[in-house]
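Tertiary structure, described
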Amino acid sequence: TQLLEQSPQFLSIQEGENLTVYCNSSSVFSSLQWYRQEPGEGPVLLVTVVTGGEVKKLKRLTFQFGDARKDSSLHITAAQPGDTGLYLCAGETGTSYGKLTFGQGTILTVHP
Amino acid sequence: EAGVAQSPRYKIIEKRQSVAFWCNPISGHATLYWYQQILGQGPKLLIQFQNNGVVDDSQLPKDRFSAERLKGVDSTLKIQPAKLEDSAVYLCASSLYEIYTEAFFGQGTRLTVV
């Protein structure tokens, strides 16, 4: 069973600060996704990374996939209150096509 | 393009009662998932369908939970009888697997068992 561990579990920061969320596993993933979920809604896909060492940017969000494809990070620059939510990473292994395993999530609160 | 539709949005039942949730995936998506999400935690996969066949139901409590996907489109998830610990949000998602999987989620059904 592959486990995805996210850290930190909770993050409370002021508007304008930078932050990084980590997603780690002992398993190798063929792809890894990051989702954001707001209260009362389902998770919404932010990005998919598939190549070891890959870096993707989405406005103020930077996603990195580890060289060994076992870990990933999400960095937010100059956080805004609208970034508040539950951030989830999800991985897919090469032997479980179509099956996504989710981390436990990071609850981010950005205060004005 | 219409998203994943789920109903109802909210349900409150007493323990030992039964409940059913419905999901209509994005048109053309062969893979459908049901996830259970406890408040503040990540989703836990209950069952995964590929068309109308079950790919993975290893974490589905089969003594009380059942799911079906008729004709490879809509799906229903049933709990009978419900327990207090079943209180959670039940999320349906669908995906169109190509080289990798990207899941699209519905808004979920919040179940409260009292």
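Bear in mind the structure is a predicted one, so any value in this text is a computation, not a measurement.

**Some remarks on the overall build of chain A**
Secondary structure assignment for chain A yields zero helices and 11 strands. Relative to the compact-globule value of 13 Å for 112 residues, chain A shows a C-alpha radius of gyration of 13 Å, a close match. Projected onto the principal axes, the alpha-carbon positions of chain A cover approximately 45 × 30 × 20 Å. Burial statistics for chain A: of 112 residues in total, 48% are counted as buried. Of the contacts formed within chain A by residues at least 6 apart in sequence, a portion of 54% connects residues at least 24 apart. Just so you have it, chain A exposes about 5200 Å², and 51% of that area is on carbon and sulfur atoms. Looking at charge distribution, chain A has the averaged site of its 8 positive side-chain charges lying 6 Å from that of its 10 negative ones.

**A short note on the layout of surface pockets**
Roughly 450 Å³ of volume is contained in the largest pocket. Lining the largest pocket are 28 residues, and of these E38, P39 and G40 of chain A together with L39 and R110 of chain B lie nearest its centre. Elements supplying a minimum of two residues to the lining of the largest pocket: strand 9 (85-92) and strand 11 (106-111) of chain A together with strand 9 (88-95) and strand 11 (109-113) of chain B. For the lining of the largest pocket, the leading source of residues is strand 11 of chain B, giving four residues. Taken together, the residues that form the lining of the largest pocket break down as 11 nonpolar, 13 polar and four charged.

**What to know about the state of the cysteines**
All names here are of chain A. Taken as a whole and assessed by the stated rule, the structure comprises two disulfides over all chains. What pairs with C23 in a disulfide is C89, and their sulfur atoms sit 2.1 Å apart. Looking down the S-S bond of the C23 and C89 bridge, the torsion is 80 degrees, so its handedness is right-handed. A residue pair is termed long-range when its members are at least 10 positions apart, and C23 in strand 3 (residues 19-24) and C89 in strand 9 qualify at 66 residues. For C23, a relative accessible area of 0% puts it in the buried group.

**Focus on the pairing of strand 11 of chain B**
Residues and elements named next belong to chain B. Because side chains alternate across strand 11, one face comprises the buried residues T109, L111 and V113, and the other comprises R110 and T112, none of which is buried. Note that strand 2 (residues 10-13) and strand 11 share four bridges and pair parallel. Its bridge partner lying in strand 11, Y10 is registered against R110. For strand 9 and strand 11, the ladder comprises three bridges, and the chain directions are antiparallel. Bridge pairing links Y90 to T109 in strand 11.

**Brief notes about the interface of chain A and chain B**
Each partner contributes to the interface: chain A provides 22 residues, whereas chain B provides 20 residues. When chain A packs against chain B, close to 1700 Å² is buried across both sides, 52% of that on carbon and sulfur atoms. The salt bridge partner of D56 of chain B is K99 of chain A, with a shortest N-O separation of 2.8 Å. On the surface where chain A and chain B come into contact, there are 10 residue pairs in polar contact (both at pLDDT 80 or more). Counting residues per element, the ones that place at least two in the side of chain A that touches chain B are strand 4 (31-37), strand 5 (44-49) and strand 9 of chain A. With four residues, the top contributor of residues to the side of chain A that touches chain B is strand 4 of chain A. Here the residues of the side of chain A that touches chain B sort into 10 nonpolar, nine polar and three charged.

Reading guide: rules and limits
Residues numbered from 1 in each chain as written. Chains lettered and ligands numbered in written order. Predicted model: local features only at pLDDT ≥ 70, side-chain atom pairs only at ≥ 80, totals over all residues. Heavy atoms only, no water. Helix = DSSP H or I, 4+ residues; strand = E, 2+ residues; numbered from the N terminus. Rg over C-alpha atoms; globule rule 2.2 N^0.38 Å. Buried < 20%, exposed > 50% of the residue type's maximum accessible area, 1.4 Å probe, protein only. Contact = heavy atoms within 4.5 Å. Areas by Shrake-Rupley, 256 points an atom, 1.4 Å probe, with all protein chains shown as cover. Lys, Arg positive; Asp, Glu negative; His and termini not counted. Charge placed at Lys NZ, Arg CZ, Asp CG, Glu CD. 1 Å grid on protein atoms, 1.4 Å probe; cavity = no way out; pocket = protein on both sides within 12 Å on 5 of 7 lines; lining within 4 Å. Points joined across faces, edges and corners; volume = space filled by probe spheres on them. Nonpolar A, V, L, I, M, F, W, Y, C, P; charged D, E, K, R; others polar. Disulfide = S-S within 2.5 Å. Pairing = 2+ DSSP bridges. Buried area = accessible area lost by both parts, 1.4 Å probe. Salt bridge = Lys/Arg side-chain N within 4 Å of Asp/Glu carboxyl O. Polar contact = N/O pair within 3.5 Å; in protein donor to acceptor, adjacent residues only side chain to side chain.

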